[in-house]
Amino acid sequence: MKPEKPELLAPAGGMEAFVAAVENGADAVYLGARTFSARGYASNFSEKELEEAIDYAHLRGVKVYVTVNTLLKEEEIENALKLLSWLREIGTDAIIIQDLGLISLAGKYLPDLPLHASTQMTLHNSEGVEFAKKMGMERVVLSRECSLEEIKRIKEKTGTEIEVFIHGALCISYSGQCLLSSLIGGRSGNRGFCAQPCRKKYRLYCEGKQIKTIGNYLLSPKDLNTTSGLGNLIEAGIESFKIEGRMKRPEYVAGVVRIYRRLIDRYIENPAGYFVSEEEQEILTQLFNRGFTQGYFFENPRWELMSRENPHNRGIPAGVVIGYDRRSSRIRVKLSRPLRLGDGIMVENAETRPEDKGKIISSMYTGKGPVYSAGVGDTVEIPFDSRAPLGSTVYRTHDKKLMDSLKKESESGNLRPKISVSIKATVASGRPVRLEVKDRDSNVVTIESEYLVEKAEKQPTSKVRIEKQLSKLGNTIYEAAELNVTVEEDIFIPVGQLNELRTKAIEQLENLRISRWKRKPLDTLQFYESGEQELGEKGSEEKELEEKESLEKAGQEAERTVRDGLPIRTMLSVSVYSLEGLEGALEGGADRIYFGEGLFRKPETTEQKEGSAKGSDAVFEKAVAETQKAGKKIYFITPKLVKDSRMESVEKIFAHVRELGADGILVSNLGTLGLAKAGKIPFIADSPLNIFNSHTFAFLLQNGAQMAVISPELTLEELKSVASYGPAECIVYGRLELMESEHCLTGGLLGKNKGQCSAPCRSGKFTLVDEKNYEFPLLMDYECRMHLLNSRSLCMLEYIPKILKGGVSSLRVETLGMENPDEIRKVTLAYRKTIDTYLETGRMGKENCEKLGKGFTTGHYFRGVQ
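Note that this is a predicted model, so its numbers are computed, not measured.

Secondary structure summary: the chain contains 25 helices and 43 strands in total. In terms of overall dimensions, the chain is globule-like: its C-alpha atoms have a radius of gyration of 32 Å, near the 29 Å expected for 866 residues. Dimensions along the principal axes, computed over C-alpha positions, put the chain at roughly 110 × 80 × 50 Å. With 866 residues in all, the chain has 57% of them scored as buried. Long-range contacts, defined as pairs at least 24 residues apart, comprise 71% of the intrachain contacts of the chain with a sequence gap of at least 6.

Structure (structure tokens):
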């Protein structure tokens, strides 16, 4: 029995790439509108282009998924919903989506619009996928870090359609959880404007001493290539194979789609005889590569995941430098592959910046003078501005002949198999010609000619002639697979009439193939706007009563009684990761403790001092006892990322909550949220759930959250527009986590290459230092994941009045990376005094960030993100 053929899903950053994807065999194409797309730097599609692209694809039996997969600010929600409504009308097959608020609105106002959960939603376990399914997601794009066995388990447990990336660039961070570009330069990956700082140089330090590494691009992964393991992915029953590349050239899309189309078909036809030819692998390598990896599908690749020596396209080796002529500024190269004018090259170890190591060959010389091309074994001289050591490899990064061929063939319209149609015709004297055309999808067009068939006076029109004319479909996307023509004897019909009738029938068939996907307009925005207006017209007393009831229902411990626009009591939460930190926070005046003991590895000496009690029941029991003795609240922090095989660790935390009488948990992924909701465990929704607008906020509260921690990417004004809708918390101090990665950098660089990792992360405190000498602390957790913290700590002491006026009900001090309990006590006390002084007197107290240290940042509270 043949395995099910998966969908081949191709990227398109513009119309040319879109046509290339369709013509080279894609079953579906994903693309973005000019707004709300996670590839903001791609050309993307205007409204006119979107409709043209969807019609072009549907005519050829190809689906189109539109990405609306960024986080949305409050003022953008209405336009995003309008976009979804329009995309629904023009026949979009599905929306790839991230924002929880927009998902909830789409489910309410556009219930027949299929939604696919973007990889930006960080769905990586069965519980999360099941939660997304209940939200209305028809398909889930899993995190790239899921192994094949984990994917199989998720499919078996949930029965949900699964989409995975099979080729292209990889992110070092879990998608949807990276703030590196955002906090370094204000360009948010969650908003589609990642500046890829992971492709920059970094140095690794341990306890202040630099560690020598092979290569300096320590956060730059290789590119994904699953050709060798494609059969295993097909056998797993994964519904959709996705190629990354909306920022890539049309020729790249053409070549990669063509090869994967061929490979999928080859495996389906003969699994036992599946192979990948050297030519196919070389073309994929030539088109673009940073080195290839199979990612996490079959094993944890550890150090082999990374491309540390070159973050750019390597191309393929084409020769070796054997000399350099200073007078003419030419490198002399012995060729191992052909080169021609227009090709691009990159020279290894050239004395210049990596981005300047490449060039397009505009002239080339042999002993005979200038040449257009040179072959294997030839020695050529190529103008090059920088020296390169003898023996340096010259890579061909752009193959002009290959690219020109891919472009020409993709534009020819002759690559995609034609659509088979059956043609039936009845031709009888004195009657119009009746013609029926039916395609393979059961679309049927039946038309009659205005012309009445005549009796032949001289030469009758033969059946063969009629069949020949009706089957002339050469310039269309159709071919006549079946002809059934009934003709009376001795009739005459002009050839022009037959041609005209055939042309009309094909035009109507094309219109039918396109129009069947269109949907009738809904009064979506009318309903949405009237709902918003109704909300706005409620009286202040009614709104205040509703808010109070909502908070009581959510279990909010401090009722937000408002006086002069300010809460009488603002809660101060402190996240701590040890008993000592907990004691410091309580001494400083914390109202609520988030306790995360045992989540992160620590230097070995510290662990030895802590002894065997680390992470044990006794630690949690003592934490609860001390917190309750102080009359405060305690919530246990659950991991941001939890694979199915480790979900028992979350269940254990739930058990601690029940048995020890803790107040609840802090959740950071939809899977843990769904489990907590089902288990009736009180929970607070943490910032990794990306609360960007009031609709996401409301969705989480409706699903049981007592409170939600608003995204640190919002400004104070944007925070205010969200916080007024319910119990909200914002982070006001600490090093924000920039990313969480399945790849352990220290283990990959310093651990054993094969077998079990030697846990070098326990040998001391590690930091990454960038080219501007900013230091980013590294933490490793007990699942061997890497956590990168911001180079500067957030401090908002001087701006507490503005934050409180925004309606925030809780402020949070984050102590991740802080180990000194005295420092935790000092920071907590400063915030406690500032909050209390302002609420009691309406004035700012004497506390300020300078008293706590130097080098602080206000994050995005004033600058925001693009």
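Backbone geometry places Asn44, a non-glycine residue, at a positive phi of 60 degrees. By the secondary structure assignment, Asn44 is in the loop between strand E2 (28-32) and helix H2 (47-59). Phi at Thr122 takes a positive value of approximately 55 degrees, unusual for a residue other than glycine. Among the residues examined, Thr122 registers a relative accessible area of 5% and is labelled buried.

Glancing now at the state of the cysteines. Applying the stated criterion across every chain, the model contains 1 disulfide. Between the sulfur atoms of Cys795 and its disulfide mate Cys849 the distance is 2.1 Å. Disulfide Cys795-Cys849: the torsion about the S-S bond is -95 degrees, which places it as left-handed. Within this pair, whereas Cys795 is found in strand E42 (residues 794-795), its partner Cys849 is found in the segment after helix H25 (821-841), the two being separated by 54 residues in sequence. We note that Cys206 lacks a disulfide partner, and the nearest cysteine sulfur, in Cys761, lies 10 Å from it.

Take the packing of aromatic side chains next. Two aromatic rings are characterised by how far apart their centres lie and by the angle between their planes. The final tally for this structure, using the stated rule, is 13 aromatic pairs. When the centroid spacing of 6.2 Å and the interplanar angle of 65 degrees are considered together, the rings of Phe18 and Tyr56 count as edge-to-face. Taken together, the residues span a long stretch of sequence, with Phe18 in helix H1 (residues 15-23) and Tyr56 in helix H2 at a distance of 38 residues. When the ring of Phe620 is compared with that of Phe636, the centres are 4.9 Å apart and the planes differ by 85 degrees; the resulting orientation is edge-to-face. A residue pair is termed long-range when its members are at least 10 positions apart, and Phe620 in helix H18 (residues 617-629) and Phe636 in strand E33 (residues 633-637) qualify at 16 residues. Aromatic ring contacts, followed pair by pair, group Phe18, Phe45 and Tyr56 into a single cluster. The ring of Tyr252 has Lys248 lying over it, and the distance from NZ or CZ to the ring centre is 5.1 Å. Sitting over the face of the ring of Phe275, Arg266 holds its NZ or CZ atom 4.0 Å from the ring centroid.

Okay, the nonpolar core next. Buried together is how nonpolar side chains tend to be arranged in soluble globular proteins. Among the nonpolar cores identified, the biggest contains 210 residues, and Phe595 and Tyr831 are the most heavily contacted of them. If one sorts the elements of this core by residue count, helix H9 (residues 250-269) sits on top with 11 residues. Those residues in contact with Tyr831 that sit more than four places away from it in its chain are Leu572, Val732, Tyr733, Cys795, Met796, Leu797, Ile800 and Val813.

Most of strand E1 (residues 7-12) is tucked away: 6 of the 6 residues are buried. Looking at chain direction, E1 and strand E11 (residues 240-243) are connected through 3 bridges and run parallel. Following the sheet pairing, Glu7 is matched in E11 by Ser240. One ladder, built from 4 bridges, connects E1 with E2; its direction is parallel. When the sheet's bridge partners are listed, Pro11 is paired in E2 with Tyr30. For the segment spanning E1, H1 and E2, crossover handedness is right-handed.

What follows concerns the pattern of salt bridges. Summed over all chains, the structure comprises 53 salt bridges. With a closest N to O distance of 4.0 Å, Lys765 and Glu819 form a salt bridge. Taken together, the residues span a long stretch of sequence, with Lys765 in the loop between helix H23 (745-750) and strand E39 (766-770) and Glu819 in the loop between strand E43 (810-814) and H25 at a distance of 54 residues. Each of Glu7, Arg139, Glu161, Glu163 and Lys242 takes part in salt bridges that share partners, so that together they form one network.

Time to look at the pairing of E2. In terms of burial, E2 is a largely internal element, 5 of the 5 residues being buried. The alternating pattern of E2 places Ala28, Tyr30 and Gly32 and Val29 and Leu31 on opposite faces, both of which are buried. Inspection of the sheet shows E2 paired to strand E3 (residues 63-68) by 5 bridges, in the parallel sense. When the sheet's bridge partners are listed, Gly32 is paired in E3 with Thr67.

At 3.6 residues per turn, the α-helix brings residues three or four places apart onto the same side. With 14 residues, helix H19 (residues 647-660) ought to run about 20 Å at 1.5 Å a step, and its terminal C-alpha atoms sit 20 Å apart, in line with that. Along H19, the residues classified as buried are Met647, Val650, Ile653, Phe654, His656 and Val657. One face of H19 carries all of its buried residues, which in axial projection span an arc of 165 degrees. Of the residues in H19, the exposed ones pointing more than 90 degrees away from the buried face are Glu648 and Glu659.

A few words on the sheet that holds strand E25 (residues 444-452). Taken in spatial order, the 4 strands make up an open sheet running E25-E24-E23-E27, and their pairing is mixed. The strands lining the two open edges of the sheet, one partner per strand, are E25 and strand E27 (478-487). With strand direction ignored, the average angle separating the axes of adjacent strands in the sheet is 20 degrees. Sheet topology places strand E24 (residues 432-439) next to E25; 6 bridges connect them, and they run antiparallel. Bridge assignment links Pro432 to a residue of E25, and that residue is Leu452. Strand contacts of helix H12 (residues 463-470): strand E23 (419-427), E24 and E27, with the helix running at about 150 degrees to E27, the strand carrying the most contacts.

Parameters and conventions
Residues numbered from 1 in each chain as written. Predicted model: local features only at pLDDT ≥ 70, side-chain atom pairs only at ≥ 80, totals over all residues. Heavy atoms only, no water. Helix = DSSP H or I, 4+ residues; strand = E, 2+ residues; numbered from the N terminus. Rg over C-alpha atoms; globule rule 2.2 N^0.38 Å. Buried < 20%, exposed > 50% of the residue type's maximum accessible area, 1.4 Å probe, protein only. Contact = heavy atoms within 4.5 Å. Disulfide = S-S within 2.5 Å. Phe/Tyr/Trp six-rings, centres within 6.5 Å; stacked < 30°, edge-to-face > 60°. Lys NZ or Arg CZ within 6 Å of the ring centre and 35° of its normal. Core = buried A, V, L, I, M, F, W, Y, C linked by side-chain atoms within 4.5 Å. Pairing = 2+ DSSP bridges. Right-handed = clockwise from strand over helix to strand, strands pointing away. Salt bridge = Lys/Arg side-chain N within 4 Å of Asp/Glu carboxyl O. Expected span 1.5 Å × (residues − 1). Arc of directions from axis to C-beta. Axes fitted to C-alpha atoms, helices over the stretch in contact; angles between N-to-C directions.

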